[in-house]
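Here is how the chains run, residue by residue.
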Amino acid sequence: MIPRNLAALRERADQPPTQARVPLRAAGCQFGSVSSALAAALRNADPPLLHPAGDADGALEVAVDLHHAQPAFHALALWLHRHGHAGAWRDEALAVRDDQGDPLGSIERGVVRPLGIATHAVHLVGTSADGRIWLQQRAHDKATDPGKWDTLMGGMIAAGESLEIATARETWEEAGIALRELGGFAALRDHGIVRFRRPVPDSGTDGYLVERIHVLSSVLPPPLQPNNQDGEVAHFELVSRQTLVEWVEADLLTLEASLVLACCLGW
């Protein structure tokens, strides 16, 4: 049984920008993009934060060489925050990578969407021995998708973190489960990558989400049950495959969770 709206969900997850975006570069390497309106504001910043790259696409250059990229990323984030172009400031650093995936530095999480910076995340799908699926209901005060249903665990991979470290940290924070209780990281099943590319509103500026989600799964051995540690989960529910399909069709899950589960369950 496959959700009837699965094709529509996949279309929502792969959308071009609603308006033209200006590429952002560091030492000639593209790492993101901004809306035309934000690009105009950045060009007029005092002191200057970027300079024209001199290319036909109007790209803006953040730093003259990679040795100065990190201070430039920090200054850029602070300017966006002070001028109302950032999301919630979290004091969480995410990696800035070029279009080949090589690291250029790091930047505050709250500015990655306005800057169109690609992010990396991990989701862990938890099942019971009889095939039912563990879902978490997001806290009702979450900034994004409050009250919607999500996978057992889903979170960002921070700057400098490996996939294993991020998985262990997020699984404990969101579900109160240590990876050793699941047999260790090596025992998790790897289902590959789900990609997202779509516009997202962010603090009045048209943001653009570009994300790669690593999809992992594990059976939770009895009597192990999830127990949230960070206050960002309302509660957990163990649902049947049929109920899961019905909830996906009713748009009760986040878009990310729906497509992560589709990947994991072979829909």
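Structural data are supplied above this passage.
Residues numbered from 1 in each chain as written. Predicted model: local features only at pLDDT ≥ 70, side-chain atom pairs only at ≥ 80, totals over all residues. Heavy atoms only, no water.

Engineer: So what exactly am I meant to see when it comes to the packing of aromatic side chains here?
Structural biologist: Two numbers describe a pair of aromatic rings. These are the distance of the centres and the angle of the planes. In total, this model carries two aromatic pairs according to the counting rule given. Measuring from centroid to centroid gives 5.2 Å for phenylalanine 31 and phenylalanine 73, while their planes differ by 70°, and the two rings are edge-to-face. Taken together, the positions of phenylalanine 31 in strand 2 (residues 29-35) and phenylalanine 73 in helix 3 (residues 69-82) put the pair 42 residues apart, joining distant regions of the chain. The exposure class of phenylalanine 73 is buried, given its relative accessible area of 0%. Look at tryptophan 149 and tryptophan 247: their rings are 4.9 Å apart centre to centre, the planes differ by 40°, and that puts the pair in the tilted class. Taken together, the residues tryptophan 149 in strand 9 (residues 149-150) and tryptophan 247 in helix 5 (residues 241-249) connect sequence positions 98 residues apart. (Phe/Tyr/Trp six-rings, centres within 6.5 Å; stacked < 30°, edge-to-face > 60°. Helix = DSSP H or I, 4+ residues; strand = E, 2+ residues; numbered from the N terminus. Buried < 20%, exposed > 50% of the residue type's maximum accessible area, 1.4 Å probe, protein only.)

Engineer: Sorry, what's going on with the environment of alanine 72 here?
Structural biologist: As for its position among the elements, alanine 72 is in helix 3. When its relative accessible area of 15% is taken as the criterion, alanine 72 is described as buried. Through-space distance from the C-alpha of alanine 72 to that of aspartate 57 is 22 Å; in sequence the pair is 15 residues apart.

Engineer: Got a minute to help me understand the pattern of salt bridges in this structure?
Structural biologist: Any two side chains of opposite charge can pair if their charged atoms end up close together. All told, the structure shown has 15 salt bridges when counted by the stated rule. A salt bridge links arginine 197 to aspartate 14, with the shortest nitrogen-to-oxygen separation between them at 2.9 Å. Linking arginine 197 in strand 11 (residues 189-202) with aspartate 14 in the loop between helix 1 (6-12) and strand 1 (21-26), this pair joins segments that are 183 residues apart in sequence. Classification of aspartate 14 by relative accessible area gives partly exposed; the value is 45%. Glutamate 211 is the salt-bridge partner of arginine 113, the closest N and O atoms lying 2.9 Å from each other. Within this pair, whereas arginine 113 is found in the loop between strand 6 (103-108) and strand 7 (119-127), its partner glutamate 211 is found in strand 12 (residues 205-219), the two being separated by 98 residues in sequence. Residue glutamate 211 is classed as buried on the basis of its relative accessible area, which comes to 8%. Look at the salt bridges and you will find they share partners, linking Glu161, Arg169, Glu170 and Glu173 into a network. (Salt bridge = Lys/Arg side-chain N within 4 Å of Asp/Glu carboxyl O.)

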